[in-house]
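# Breakdown of the fold
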Amino acid sequence: MIPALLSVIIAFSILGTAVVEVTLTNFSVVGNIINGQQAFNVAEAGLNYYMWHLNHNAIDLKDGNSTPTTPDPQLGYGPYTHHYIDTNGIDEGTYTLWIKSAGAGSTIVTVRSIGQAAGTNIKRTVQAQIGSPSFASYAVASDSALWFGNTESADGPVHSNQGVRMDGASNSTVSSANATYTPPSNLGGCGGSNCAHPGVWCDSTVTSPVNCNTRSKSAWVYPVPQIDFNSVTSSLCTIKKVAFTSDPSTSALASLGTACSQVPATRTPAYVPQISSTYSATKGYLIKLNTNGTYDLLKVNSENDQLATYATALNTTAVATGIAIPSSGVIFVEDNVWVLSNPTFHGRVTIASGRLATSNNTDIVIAGNLLYSAKDGSDAIGLIAEDSVYIAPYAPPASGAFNYEVDGALLAETGSVEYGESTGNVGTGSVYRNQSSTCTKGWVNSNQTFTFYGSVSSRQTWTWTWLGGNCSNAVFDATSGYYVSGILHNDTQYDYNLEYAPPPSYPLTSGYNILSWRQILTHP
């Protein structure tokens, strides 16, 4: 029986050893799974941390550090390592961050977070694209009511903080900050107290070319949060600081608590000072954006909007030519700005105009064609005015057949984005910079067209055409029965490249969010 007993003992010993081995292996596997999940959770905490960081400092890609000077070509700036301490004060491990911008002007940042569980060598890596919408995320955004007539169409997202009457075709989201509103009579309402309409609506009598009663309204969204136009004030201040930082001669001003009220006389490629301490609506600077990514600068000594072209309407003095666009892509002008392309522009730039240290608000005037070299996202022009962005009466050709075009993202902080009308017009409109008492020019022939390609954000009015009574340079349109100031046949197209790649330092409309997320199975 001894051999049999020994055989049983040996068998049980082998079986027991196997059971212990399997148990220990399972403990190890389970431990690794737990540590792996912990590392994964810590890595996600790193993504959430940097999303929070960007919401507090959207231009910082170095996690509050000054190094490295140049980013890794694949991963960006880093590595930046943090300990993750949970709510009980326990160190759960570390996450190491790499931060990379999607490119100049883009609001998208790629963040890679490598989590490591405390006391182990186990790591997990996650990566996310984090982005924020800007004012350029909208084809048209307004703090006032909007009305698209049945002869107009909306290409791209449209938003109003008041409400939208959409009688024309639309191909994207149309949103309003109000559940209901009362449109003014000049923007599609009856003007009375009992004339309330939904935040987005159309007139049931409109049946062509889009039938109001049968059209899809699934993309009409209301109410939604307002767009804060007041935030543009701080954005202009930020842009001014960026301009100061771009040159050693002004960089010390950027860190001052009074940076935005500083008015140095020093001109740099990124900062252009006041033409005079005394404000004048007819004085400022003309910027010609060149095809090679540079710009020419001229002083504007006076303006006569009744003349035919910018060359005759503006009395100018040359300042400099071939100025390189700053690496920040930002030009801040402490005065009025006139702008055009020469003949096209290649690059990405934001031109901001404001007298932030005074009570005078400045304008930006588009004085001629403003054209990209290509419409593939590589070119972007941002125009941000403290008051209004105007298309000058002398910007389109004086006569004959033409297709006048403006490309860019236009933003008026307190005023309007429009072709300017003068006081002589019987219609309700604004005054072209208080320069004349006669109606501004009009073009009504079908071979005289205007194409706008980009984005419009306006605190007040947005329009390319005014309809009114008989006066001066306005032209009679037999179809409508009105005299027209502006270009009657116009087409507004949204530049979809701007959605998450606006011009440099363009103002944001809301905080950062995670746009896409994935786990990375390899380590840098």
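As the structure is a computational prediction, the values presented were derived from the model and not from experiment.

Conventions adopted
- What you see as residue numbers is a count from 1 along each chain, following the sequence as written.
- Selection of residues for local features in this predicted model requires a pLDDT of at least 70, selection of side-chain atom pairs for listing and counting requires 80 or more, and totals for whole chains, interfaces and linings are taken over all residues.
- Where side-chain values are given, they derive from all heavy atoms of the structure, hydrogens and water being excluded.
- Salt bridges are defined by distance alone: a side-chain nitrogen of Lys or Arg within 4 Å of a carboxyl oxygen of Asp or Glu.
- Working definition: helices are DSSP H or I runs of at least four residues, strands are E runs of at least two. Numbering for both runs from the N terminus.
- For the exposure calls, accessible area comes from a 1.4 Å probe over protein chains only, and a residue counts as buried if that area is under 20% of its type's maximum, exposed if over 50%, partly exposed in between.
- Think of it this way: a Phe, Tyr or Trp ring, Trp meaning its six-membered ring, pairs with another when their centres are within 6.5 Å, and the plane angle makes it stacked under 30 degrees, edge-to-face over 60, tilted otherwise.
- In this description, strands pair whenever DSSP reports at least two bridges between them.
- Only the contacting stretch of a helix is used when fitting its axis, a line to C-alpha atoms as for every element, and angles between N-to-C directions run 0 to 180 degrees.
- Put simply, a patch holds well-exposed residues, over 30% relative accessible area, that have no salt bridge, with like charges counted together within 9 Å and Val, Leu, Ile, Met, Phe, Trp or Tyr side chains within 5 Å.
- Exposure was quantified through the Shrake-Rupley algorithm and a 1.4 Å probe, taking into account, for residues, occlusion by the shown protein chains and nothing else.

Okay, the pattern of salt bridges next. Applying the stated criterion across every chain, the model contains six salt bridges. Taking the shortest distance from any N to any O, the salt bridge between Asp 203 and Arg 165 comes out at 3.1 Å. Of this pair, Asp 203 sits in the loop between strand E14 (200-201) and strand E15 (220-221) while Arg 165 is found in strand E9 (residues 164-166), placing the two residues 38 residues apart along the sequence. Ionic pairing is found between Lys 240 and Glu 334, a salt bridge with its closest N-O pair at 3.0 Å. Remark: Glu 334 occurs in the loop between strand E20 (330-333) and strand E21 (336-342) and Lys 240 occurs in helix H2 (residues 231-245); sequence separation between them is 94 residues. Summarising the burial analysis for this pair, Lys 240 and Glu 334 share the class buried. Residues joined in a network through salt bridges with shared partners are Arg 165, Asp 167 and Asp 203.

Right, let's talk about the packing of aromatic side chains for a bit. For the structure on display, the rule yields 17 aromatic pairs. Seen in terms of ring centroids, Phe 148 and Trp 462 are 5.5 Å apart; in terms of plane orientation they differ by 45°. Their pairing is tilted. With a gap of 314 residues between them, Phe 148 in strand E6 (residues 146-148) and Trp 462 in strand E30 (residues 462-463) connect regions that are remote in the sequence. Ring centres of Tyr 419 and Trp 443 lie 6.2 Å apart, and the angle between their planes is 85°; this geometry places the pair in the edge-to-face category.

Right, let's talk about the sheet that holds strand E4 (residues 123-131) for a bit. One open sheet accounts for five strands, arranged E1-E2-E3-E4-E35; its pairing is antiparallel. The sheet is open, and its two borders are formed by strand E1 (77-85) and strand E35 (513-520), each paired with just one other strand. Between one strand axis and the next, the sheet turns through 25° on average, direction left out of account. By the bridge criterion, nine bridges tie strand E3 (residues 108-117) to E4 in an arrangement that is antiparallel. When the sheet's bridge partners are listed, Val 109 is paired in E4 with Ile 130.

Let's shift gears to a nonpolar patch on the surface. The grouping of Ile 2, Leu 5, Leu 6, Ile 9, Ile 10 and Ile 14 at the surface amounts to a nonpolar patch, some 620 Å² of accessible area in total. Looking at the element boundaries, Ile 10 is found in helix H1 (residues 2-56).

Moving on, we come to unusual backbone geometry. A cis geometry characterises the amide bond from Ser 208 onward to Pro 209, with omega recorded as -5°. On the secondary structure map, Pro 209 appears in the loop between E14 and E15. The omega torsion across Tyr 222 and Pro 223 is -5°, close enough to zero to call that bond cis. Here Pro 223 lies in the loop between E15 and H2.

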